[in-house]
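# Residue-level structural notes
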Amino acid sequence: MTTPHLSADPGHLPPSDLTLSPLTGYTRAHWETAADHLLTSLRPYASPGLAQYRLTGRTGYSGAWSDGLEGYARSFLLAAFRIAGAQGIDPPGSAVISELVDRYATGLAAGTDPDHPEHWPPITDHSQPMVEAASVAVALHETRPWLWDRLPDAVRQRTVDWLGGFVGAKANESNWRLFQVVTEEFLASVNAPHSRAEIDAGLARLEDWYRGDGWYTDGDGRKFDYYNGWALHLYPVLWSRIAGPRADRGLVQEHRDRLRTFLDTHQYFFGSDGAPLYQGRSLTYRYATTAPLWVGALADATPLPPGRTRRLASGALKHFTDHGVPDERGLLSLGWYRPFLPATQPYSGPASPYWAAKAFLGLLLPADHPVWTATEEPGPVETADHRLALPAPGWLLHSTAADGIVRLVNHGSDRLPPPPATAQENPHYARLAYSTATAPETPPDDGPFGHDNHIALVGNAGATFRTRIHPLYTDGPRAASWHTPCLRDADPPAARIVSASVVHGPWEVRVHLVDAPVGLTVREGGWAVADDDEPPTGSSSPGRAVAVRRDGLTSTLVGLLGWETGPDARHGTVAHRTGHNAYGTHSATPLLTVDHPGGTLLLATLVVLSADPAVHSTLRTPESDVQARAMPDGTVEIRFPDGHRDFVRADVPAGR
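Below: a short report on this structure. (Residues numbered from 1 in each chain as written. Predicted model: local features only at pLDDT ≥ 70, side-chain atom pairs only at ≥ 80, totals over all residues. Heavy atoms only, no water.)

A few words on the environment of aspartate 220. With respect to the helices and strands, the residue aspartate 220 is situated in the loop between strand E2 (215-216) and helix H8 (227-232). Note: C-alpha distance between aspartate 220 and leucine 513 (293 residues apart in sequence) is 29 Å. Leaving out residues up to four positions away in the same chain, aspartate 220 has contacts with Arg205, Trp209, Leu416, Pro417 and Pro418. Among the polar contacts made by the side chain of aspartate 220, one reaches the side chain of tryptophan 209 at a distance of 3.3 Å. (Helix = DSSP H or I, 4+ residues; strand = E, 2+ residues; numbered from the N terminus. Contact = heavy atoms within 4.5 Å. Polar contact = N/O pair within 3.5 Å; in protein donor to acceptor, adjacent residues only side chain to side chain.)

As a further point, take empty space enclosed by the protein. Taken as a whole and assessed by the stated rule, the structure comprises 6 cavities of 30 Å³ or more. For the largest cavity, the calculated volume is near 80 Å³. Surrounding the largest cavity, 13 residues form its lining, Trp215, Asp225, Tyr226, His266 and Phe269 being those nearest its centre. Those elements that provide at least two residues to the lining of the largest cavity are H8 and helix H10 (249-266). Considered class by class, the residues forming the lining of the largest cavity number 8 nonpolar, 4 polar and 1 charged. (1 Å grid on protein atoms, 1.4 Å probe; cavity = no way out; pocket = protein on both sides within 12 Å on 5 of 7 lines; lining within 4 Å. Points joined across faces, edges and corners; volume = space filled by probe spheres on them. Nonpolar A, V, L, I, M, F, W, Y, C, P; charged D, E, K, R; others polar.)

What follows deals with unusual backbone geometry. Of note, the bond from valine 325 into proline 326 is cis; its omega dihedral lies within 30 degrees of zero at -5°. Within the fold, proline 326 resides in the loop between helix H12 (306-322) and helix H13 (370-373). One non-glycine residue, leucine 50, lies in the positive phi region at around 65°. Mapped onto the elements, leucine 50 comes out in the loop between helix H1 (28-42) and helix H2 (64-85).

The next subject is the layout of surface pockets. The computed volume of the largest pocket comes to approximately 1,200 Å³. Along its surface, the largest pocket is lined by 43 residues, and Thr344, Gln345, Pro346, Tyr347 and Asn426 are the ones closest to its centre. Mapped by element, the contributors of at least two residues to the lining of the largest pocket are H2 and helix H6 (176-189). Across the lining of the largest pocket, the residue classes break down as 19 nonpolar, 13 polar and 11 charged.

Between the first and last C-alpha of helix H3 (residues 96-111) there are 22 Å, a value that for 16 residues agrees with the 22 Å anticipated at 1.5 Å per step. Looking at H3, one finds that the buried residues are Val96, Ile97, Leu100, Val101, Arg103, Tyr104, Ala105, Gly107, Leu108, Ala110 and Gly111. Tucked inside the fold, the buried residues of H3 contact H1, H2, helix H4 (129-142) and helix H5 (153-163). (Expected span 1.5 Å × (residues − 1). Buried < 20%, exposed > 50% of the residue type's maximum accessible area, 1.4 Å probe, protein only.)

These results come straight from atomic positions and should not be treated as a statement about function.
Now the structure itself:
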């Protein structure tokens, strides 16, 4: 399945090699060329002393000074993987590697000089330079023979002085603790002042956040997203590369074992078109989602065949290239495909997307490594339908080979700190589901977020939203959670919504117990589908609403139980929006509404996202449609079109 978007001219890339890479055509040469293109395109935005990269666009909340450092540090990380991967040797007829060494050595000399007009902001408690210092430290380690070892003593001293701002400083209690670990370990490697206690304490915090089965939460709470892969698994491996014999072998092995376990499921997070699953923050890093695939091979900690590792990683790189990334200037914009600020966070500056550099970790593997020489193998999503229960984050994954779509059902990740912190709506975490073919509705202003993959109570004070998620269970094809509906600017109603999901093939049935007072309307939304060029079409009838994108991707919502109460019973509509979706300018979401009678209302809803014509054909045939039946014991029996039956219940155990 492909998303309808304009493609960038990939003329800067080598010809496809369909013998070695029959699925993507991409080889190591494509990765090297893509890195060179990104780095060359950044050069015009460098400051005269090459210490900052001043890209145009919205400034991050740390300010333009910090943004300039971010441009240097994150592109230096990319340059380091390119330099080290080439062993510091220029390819025949080119000086690309030596030019990168000179460019970043010059910028380092200027940025660490406090008297230079382009000097970098200092590392202080909880400051953004902490993040960038880690990239500088990793890059210096990986290029040590070609850059660090050849620097003048004065530049080396200024560099350790600047990096040394980390010693004794307080980092955020999240993946930032690992930035301190790798930075101070680099200082240790060059016999500069550092704190072994701070390194050990940062590594120990990982143990507090480990939830099992390869999953960390990014700090306290239930903050599950891609930071699990591109930070919390990544930096321990990078630390061990810097530490060498100083690293505790038992701890290193434990990190590798956890990474191996994580990769066994991470491989299911990519659609057959290469698209990563769209969930969580910092998504503008795009193909950095492939970083743990490469680092698993780098650390000999992957269960994946080498041809599959390259297929998944190259598939993601190719997916974005085919969708106009980087843009016509060769730059990574703040967005997913096109510029789209609602996909970013307030800390995101114009150079933030260059943490996509982590996707190029594979270049550290030699050209004769099996990940580069093995024939590509299909990803698991391409070969069969799959269903995975992930109890640690409270997720269900279900994917279908016919259309290559991966869907994530969310009953566990909300990115909120532990109570009693104030809950805030976040559509990148609070939705009931995410996929590789859609994005949540996120308006460009401060207006209310979209209705997609969400159940709300609607009254005179507006619509409620889902904040803190309380997981109940994740087991087999089923998962459940409950939440207290909240309002933005008013006291919330005395209500609670318990939701349970059961998945089978492309189908998801959601069962809700909605406890609420009379006088409110219940509204449920399906998947939002989006397109840049044409608005998706919409149709509705009692108890059913459908939105269709021009390439056939279809979002369907069907009321199975409970939607027949009240004068607006089983009312289906389709909400159309412009400029609210990272996947396209025009978006559409199917909706169902029903009046709440007061007390407890049982609802069951079929929610379908598919590009498979056979699925839509089934949905048009009532006698083979999905069916739901309430049982005397409180469970709901679900019958699927292929005859498969399942049972699910949505209730909160006593004492919760």
